[in-house]
Amino acid sequence: MNYLSTRGAGAGERHTFSDILLGGLAKDGGLYLPAEYPRVTADELTRWRALPYADLAFEILSKFSDDIPAEDLRALTRKTYTAATYCHVRDGESAAQITPLKTLGVESGAPLSLLELSNGPTLAFKDMAMQLIGNLFEYALARHGETLNILGATSGDTGSAAEYAMRGKQGIRVFMLSPHKKMSAFQTAQMYSLQDPNIFNLAVEGVFDDCQDIVKAVSNDHAFKAKYKIGTVNSINWARVVAQVVYYFKGYFAATKSNDERVSFTVPSGNFGNVCAGHIARMMGLPIEKLVVATNENDVLDEFFRTGIYRVRKAAETYHTSSPSMDISKASNFERFVFDLLGRDPARVLQLFRDVEEKGGFDLAASGDFARVKEFGFVSGRSSHETRLDTIRDVFERYGTMIDTHTADGLKVAREHLQPGIPMIVLETAQPIKFGETIHEALLREPGRPAAFAGLESLPQRFEVLPANAQRVKDFIVAHTGE
Ligand SMILES: *Cc1c(COP(=O)(O)O)cnc(C)c1O
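Everything quoted here is computed from the prediction, not taken from an experiment.

Time to look at the site of the ligand. The local shell around the ligand holds 15 residues, among which Lys 126, Asp 157, Gly 270, Asn 271 and Asn 274 are the closest. For the ligand, the accessible surface in isolation is 390 Å², of which the surrounding protein chains cover 97%. Split by residue class, the shell around the ligand holds five nonpolar, eight polar and two charged.

Below you can see the structure in the form of structure tokens.
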């Protein structure tokens, strides 16, 4: 499998999965994609239906990473997708399923269900990919006798998923910046209670944007970046996207009896990483009818799928909502889909994303390309604080199931796209306990807490408070890498 950049630089060069595993953007600022999508045969689909999650993950990943010896990859997926890691199931569900499918009922003739992606260590779907990345990184670094210092900024979910994936890993340190005293007590405790010596929580006196600016400033110091082997695990990482393809297959098998059936998925979306994996599953031949993109008030993506206009927002136009993990001003993985939509024409992708930088967006409404969005199965919708609360209440009253704020956005939009006889699977991206305040606002009660999280907020915390200053962060890294 060879990988290329969506913007075309270095065409003809060879990039294997391992080559791009530890990197971020391609040299030209584009994103990596496989030179072509592997197709799944009818026989494979039939055989895969019976596989446990870890072995399904092996089958799918091996199509994208043929430079990793099969036995090594199988060992990595089996080490990653265990019932012990994805153990925080509710309502007597089976942790061995890794991503259990919870049936809600039939609405407008469509069987409606939730695919639970949030039973891992941090109770959010980012664990699905990040746990694998932790093991893949450790494996790749050991193979080459290298080390890596991961630098990141988080307002909650991504940082904790990265820390739980990298804790105790050989050759890896994590320096995670978070805004001091700005995260919920639960999220703060989740991150800061980690005592592993390779995890460093840096509480920055500022807001999330300050943290992000520091990461950019440090990464732009190329000499420092090279000397201290600074890397990232943000959502454009290709291995993260491809790891997410697996649960679309798993969800399809759980919701159907034969491979003649089609299903639709609704995906609560921010950076377009999760639904991009759905697009790839569909390109591989999984029988997906619709991919429904659900946004919150930050509706950059909904606007595009309704109008053909992609208009990124300024920081001041980005709302802080009650589904905060979807609060984005631009969708960092969107370029991958645009590349396919434009028939894989890198020159046009380069021009459009130059327009994004220079003019704040682009307009495909008048071009024939936008009409092709339908061929790719995409539709969309948006939610608001009011509809979010209504959906949480409605699902609790009707089905006795408590859902989190992001999943509520998904369900609200899914209901606008139901088709009789076609199962609709809504991806559940977090557990309600992570967003307890809004759940309380909707239901006047506290969400249940998985037993392992009892007393989390009173555990001792380990973090360092630093001013919002890139030099101070660099000094900290130098002092704690011993290189
Ligand atoms: C990250 C996240 C999302 C958005 O996923 P993308 O891949 O960025 O589209 C949705 N819900 C939750 C809970 C998340 O943590």
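Back to the text.
We now examine the UniProt feature "domain: Tryptophan synthase beta chain-like PALP" (unreviewed entry) in the chain. Within this structure's numbering, the places UniProt gives as "domain: Tryptophan synthase beta chain-like PALP" (unreviewed entry) are residues 92-345. What you have in residues 92-345 is 40% helix and 21% strand, and the ends, taken at the C-alpha atoms, are 49 Å apart.

Here we take up the sheet that holds strand 13 (residues 378-382). Neighbouring strands of a sheet are bound in pairs by backbone hydrogen bonds; such pairs are parallel or else antiparallel. Spatial strand order, 3-4-14-9-10-13: six strands in an open sheet with mixed pairing. Only two strands of the sheet have a single neighbouring strand rather than two, namely strand 3 (101-107) and strand 13. Within the sheet, the average angular offset between the axes of one strand and its neighbour, ignoring direction, is 25 degrees. Sheet analysis places strand 3 next to strand 4 (residues 110-116), joined by six bridges and oriented antiparallel. Directly across from Glu 107, in strand 4, lies its bridge partner Ala 110. Packed onto the sheet, helix 11 (residues 273-283) meets strand 9 (263-268), strand 10 (288-295), strand 13 and strand 14 (424-428) and runs at close to 170 degrees relative to strand 10.

Contact geometry for helix 16 (residues 385-399) and helix 18 (residues 436-443): axes closest at 9 Å, N-to-C directions at 70 degrees. Here helix 16 lies roughly perpendicular to helix 18, going by the angle between them. Only Thr 438, Ile 439, Glu 441, Ala 442 and Leu 443 of helix 18 make contact with helix 16, whose side of the interface consists of His 385, Leu 389, Ile 392, Arg 393 and Phe 396. Here the residues of the contact of helix 16 with helix 18 sort into six nonpolar, two polar and two charged.

This part is about the side chain of Ser 118. As for its position among the elements, Ser 118 is in the loop between strand 4 and helix 5 (126-144). We classify Ser 118 as buried; its relative accessible area is 0%. Within the structure, the side chain of Ser 118 is placed 2.7 Å from the side chain of Glu 428, a separation counted as a polar contact. Aside from chain neighbours lying at most four places away, what touches Ser 118 is Arg 90, Leu 123, Ala 124, Phe 125, Glu 428, Thr 429, Ala 430 and Gln 431.

Here the focus is the UniProt feature "modified residue: N6-(pyridoxal phosphate)lysine" (unreviewed entry) in the chain. Per the UniProt annotation, the sites labelled "modified residue: N6-(pyridoxal phosphate)lysine" (unreviewed entry) are Lys 126. When you line up the elements, Lys 126 lands in helix 5. If near-sequence neighbours (up to four positions away) are discounted, Lys 126 is found in contact with Asp 157, Thr 158, Ala 161 and Arg 240.

As a further point, take the domain arrangement of the chain. Domain assignment breaks the chain into domain 1 (3-124 + 238-438) and domain 2 (147-228 + 455-480). Here the C-alpha centre of domain 2 lies 26 Å away from the C-alpha centre of domain 1. With ten residues of domain 1 at the contact, the number on the domain 2 side is eight residues. If you sort the residues of domain 1 by the area they bury against domain 2, Pro 121, Thr 122 and Lys 434 come out on top, with a joint share of 50%. Scanning the region where domain 1 abuts domain 2 turns up one salt bridge. The partner of Lys 434 in a salt bridge is Asp 157, with the nearest N and O atoms 2.8 Å apart. Taken together, the connections running from domain 1 to domain 2 amount to three residue pairs in polar contact (both at pLDDT 80 or more).

Reading the values: rules and limits
Every chain is numbered independently, its residues counted from 1 as its sequence is written. Local features in this predicted model are restricted to residues whose pLDDT is 70 or higher, and side-chain atom pairs enter the listing and the counts only when it is 80 or higher, whereas totals over whole chains, interfaces and linings include all residues. Excluded from the side-chain calculations are hydrogens and water; all other atoms, namely the structure's heavy atoms, are used. Note on definitions. A residue lies near a molecule or strand when any single heavy atom of the residue is within 4 Å of it. Here the accessible surface of atoms and residues is derived via Shrake-Rupley with a 1.4 Å probe, and residues count as covered only by protein chains that are part of the display. Residues are grouped as follows: Ala, Val, Leu, Ile, Met, Phe, Trp, Tyr, Cys and Pro are nonpolar; Asp, Glu, Lys and Arg are charged; every other residue, Gly included, is polar. UniProt positions are given in the numbering used here, feature names are shortened, and annotations may be inferred rather than shown by experiment. Per the convention used, a helix needs a DSSP run of H or I reaching at least four residues, while a strand needs a run of E reaching at least two, with both numbered from the N terminus. At least two DSSP bridges between two strands are required for those strands to pair. Angles run from 0 to 180 degrees between N-to-C directions of axes, and those axes are lines fitted to C-alpha atoms, restricted for helices to the stretch in contact. In this description, contact between two residues means that some pair of their heavy atoms is separated by no more than 4.5 Å. Angle categories are assigned with fixed cut-offs, so that under 35 degrees is roughly parallel, over 145 is roughly antiparallel, 65 to 115 is roughly perpendicular, and the rest are oblique. Throughout this description, buried means an accessible area under 20% of the type-specific maximum (1.4 Å probe, protein chains only), exposed means over 50%, and partly exposed covers the range between. For the purposes of these results, a polar contact is taken to be a pair of N or O atoms within 3.5 Å, where, inside protein, one atom must be able to donate a hydrogen and its partner to accept one; residues adjacent in sequence count only when each atom of the pair is a side-chain atom. All the domain ranges listed were derived from an automatic or database domain assignment. Two parts lose some accessible area (1.4 Å probe) when they are put together, and adding that loss for both gives the buried area. A side-chain nitrogen of Lys or Arg and a carboxyl oxygen of Asp or Glu constitute a salt bridge if their distance falls within 4 Å.

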